[in-house]
Amino acid sequence: MPIPHRVAKQMIQRRLVGKEGGERIKELRSILTELPDYRNGPYADLRKWVNAQIDEARTRKKAVHRDSLSVRREGVAQIALVGPPNAGKSSLLQALSSIQIKTGDYAFTTTRPVPAVTTIHDCRVQLVEIPGLIEGAAADRGGGKALLGVLRGADAMVLCHAAEAPLGELETIRAELEAAGIEKRAIVAVTKLDDADEARVERVARAAGLPAVGVSVLDDDSLDRLRERLWELTGLIRVWLREEAQALAPGATVADAARAVHHRLGESCTGARVTGPSAKFGAQRVGRDHVFADGDVVEILH
């Protein structure tokens, strides 16, 4: 005699807690094999409900994949904010940019990648918040594979860790990144520091083996310090062309800067006048192969 169908449904719902994507579909299929194969009555309705859950899980899995691949790159570099649920990523993204997003003191406030642009040293840098990763993300728990796919496309990443959270949360994220084979330039942002001691930042840095910066969305100075570290993560230098900042890779030459403006200028330029760290004196005339330093002011000659 099967157990009452209401009790059976409650048991099924408990089995599904925390399971998403392929893991949820696999569990639902297993449940189907365990249910009585009645064609009518409450258990027939329960089988229909389970099949509907499978269809919904498939749709949700495809939606997560589609949404995650729709992040369009903007600015001179893309940096991903990654961490467990409720690590302060949404609040940080909002504080660093003009975007308005839903935030809350509960897990999974953000359910899909959220891009936003911040301006650092007159250059536009794109930040992408990755929804909270959980243990098993590399094996696609919680749609983790699609979310990690977004992270693979980024130039660098910021591991967000709430100041008062157990260090084990950060270790879990590092383990999932390692399991997914993701290695990028990274720092740790110790968030919500308005409620913790600054010494916590040093402990997190030692535990992670990465540079760490403490930040509070209520402290503008801490946000400015984080912006400086974000710029360092891009690995770029700035030169000033026509009174506008141009981000270039280290080792960039006059010819590279000219091509960044327009390919024809890259072909026609004969050199430049440079004022700044790479020049011996102001408005020094240099050739096409002159290598820039961060902060140079440049006039392309052609």
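Data block above holds the structure.
Being a predicted model, the structure only gives us computed values, none of them experimental.

Draft legend 1. Focus on the overall build of the chain. Broken down by element type, the chain carries ten helices and eleven strands. Over its C-alpha atoms the chain spans a radius of gyration of 25 Å, topping by over 25% the 19 Å that the globule rule assigns to 302 residues. Expressed along its principal axes, the backbone C-alpha trace of the chain runs to roughly 95 × 50 × 30 Å. Of all 302 residues assigned to the chain, the portion counted as buried reaches 46%. Pairs at least 24 residues apart make up 59% of the contacts formed inside the chain by residues separated by at least 6 positions.

Draft legend 2. A look at the pattern of salt bridges. Applying the stated criterion across every chain, the model contains ten salt bridges. The salt bridge partner of glutamate 27 is arginine 15, with a shortest N-O separation of 2.8 Å. Of the two residues, glutamate 27 is situated in helix H2 (residues 21-34) and arginine 15 in helix H1 (residues 5-16); the sequence distance between them amounts to twelve residues. Residue arginine 15 is classed as partly exposed on the basis of its relative accessible area, which comes to 28%. Where arginine 229 meets glutamate 232, a salt bridge forms, and the shortest distance between an N and an O atom there is 3.5 Å. With arginine 229 and glutamate 232 both in helix H8 (residues 220-234) and three residues apart, the pair spans about one turn of that helix. Judged by its relative accessible area of 24%, arginine 229 falls in the partly exposed class.

Draft legend 3. Layout of a nonpolar patch on the surface. A surface patch of nonpolar side chains, amounting to about 230 Å² of accessible area, comprises Ile3, Val7 and Met11. Within the secondary structure layout, isoleucine 3 lies in the segment before H1. Relative accessible area serves as the criterion here: at 40%, isoleucine 3 is assigned to the partly exposed category.

Draft legend 4. Representation of the environment of glutamine 284 in the model. Of note, glutamine 284 is situated in strand S10 (residues 284-287). Taking the relative accessible area as the measure of exposure, glutamine 284 reaches 13% and is therefore buried. For the pair glutamine 284 and valine 274, spaced ten residues apart in the sequence, the C-alpha separation amounts to 5.2 Å. Once you skip the residues sitting within four places of it in the chain, glutamine 284 turns out to touch Ala272, Arg273, Val274, Ser278 and Ala279.

Draft legend 5. Structural view of the environment of serine 30. Turning to its location among the elements, serine 30 is positioned in helix H2. The exposure class assigned to serine 30 is partly exposed, which follows from its relative accessible area of 29%. A polar atom in the side chain of serine 30 sits 3.4 Å from the side chain of glutamate 34.

Draft legend 6. Layout of the packing of H1 against H2. Remark: H1 packs on H2, axes separated minimally by 10 Å, with the N-to-C direction vectors making an angle of 155 degrees. One element, H1, and the other, H2, form an angle in the roughly antiparallel class. The handedness of the crossing between H1 and H2 comes out as right-handed. Two secondary-structure elements touch here, H1 through Ile12, Arg15 and Leu16 and H2 through Arg24, Glu27, Leu28, Ser30, Ile31 and Glu34. Across the contact of H1 with H2, the residue classes tally to four nonpolar, one polar and four charged.

Draft legend 7. Layout of the pairing of strand S9 (residues 271-275). Where S9 and S10 come together, four bridges link them in antiparallel fashion. In the strand pairing of S10, alanine 272 is matched with valine 286. The sheet contact formed by S9 and strand S11 (residues 296-301) spans five bridges and is antiparallel. In the sheet register, threonine 275 faces S11, and the bridge partner there is valine 297.

Draft legend 8. Examining unusual backbone geometry more closely. For histidine 121, which is not glycine, the phi torsion reads 50 degrees and is therefore positive. By secondary structure assignment, the location of histidine 121 is in the loop between strand S2 (114-120) and strand S3 (123-129). By relative accessible area, which is 27% here, histidine 121 ends up partly exposed. Even without being glycine, lysine 192 reaches a positive phi, approximately 55 degrees. Secondary-structure assignment places lysine 192 in the loop between strand S5 (185-191) and helix H7 (199-208). On the basis of relative accessibility, which here comes to 29%, the residue lysine 192 falls in the partly exposed class.

Rules used throughout
- Residues numbered from 1 in each chain as written.
- Predicted model: local features only at pLDDT ≥ 70, side-chain atom pairs only at ≥ 80, totals over all residues.
- Heavy atoms only, no water.
- Helix = DSSP H or I, 4+ residues; strand = E, 2+ residues; numbered from the N terminus.
- Rg over C-alpha atoms; globule rule 2.2 N^0.38 Å.
- Buried < 20%, exposed > 50% of the residue type's maximum accessible area, 1.4 Å probe, protein only.
- Contact = heavy atoms within 4.5 Å.
- Salt bridge = Lys/Arg side-chain N within 4 Å of Asp/Glu carboxyl O.
- Patch = residues over 30% accessible without salt bridge, like charges linked within 9 Å, V, L, I, M, F, W, Y side chains within 5 Å.
- Areas by Shrake-Rupley, 256 points an atom, 1.4 Å probe, with all protein chains shown as cover.
- Polar contact = N/O pair within 3.5 Å; in protein donor to acceptor, adjacent residues only side chain to side chain.
- Axes fitted to C-alpha atoms, helices over the stretch in contact; angles between N-to-C directions.
- Parallel < 35°, antiparallel > 145°, perpendicular 65-115°, else oblique.
- Left-handed = near helix turned anticlockwise from the far one by under 90°.
- Nonpolar A, V, L, I, M, F, W, Y, C, P; charged D, E, K, R; others polar.
- Pairing = 2+ DSSP bridges.

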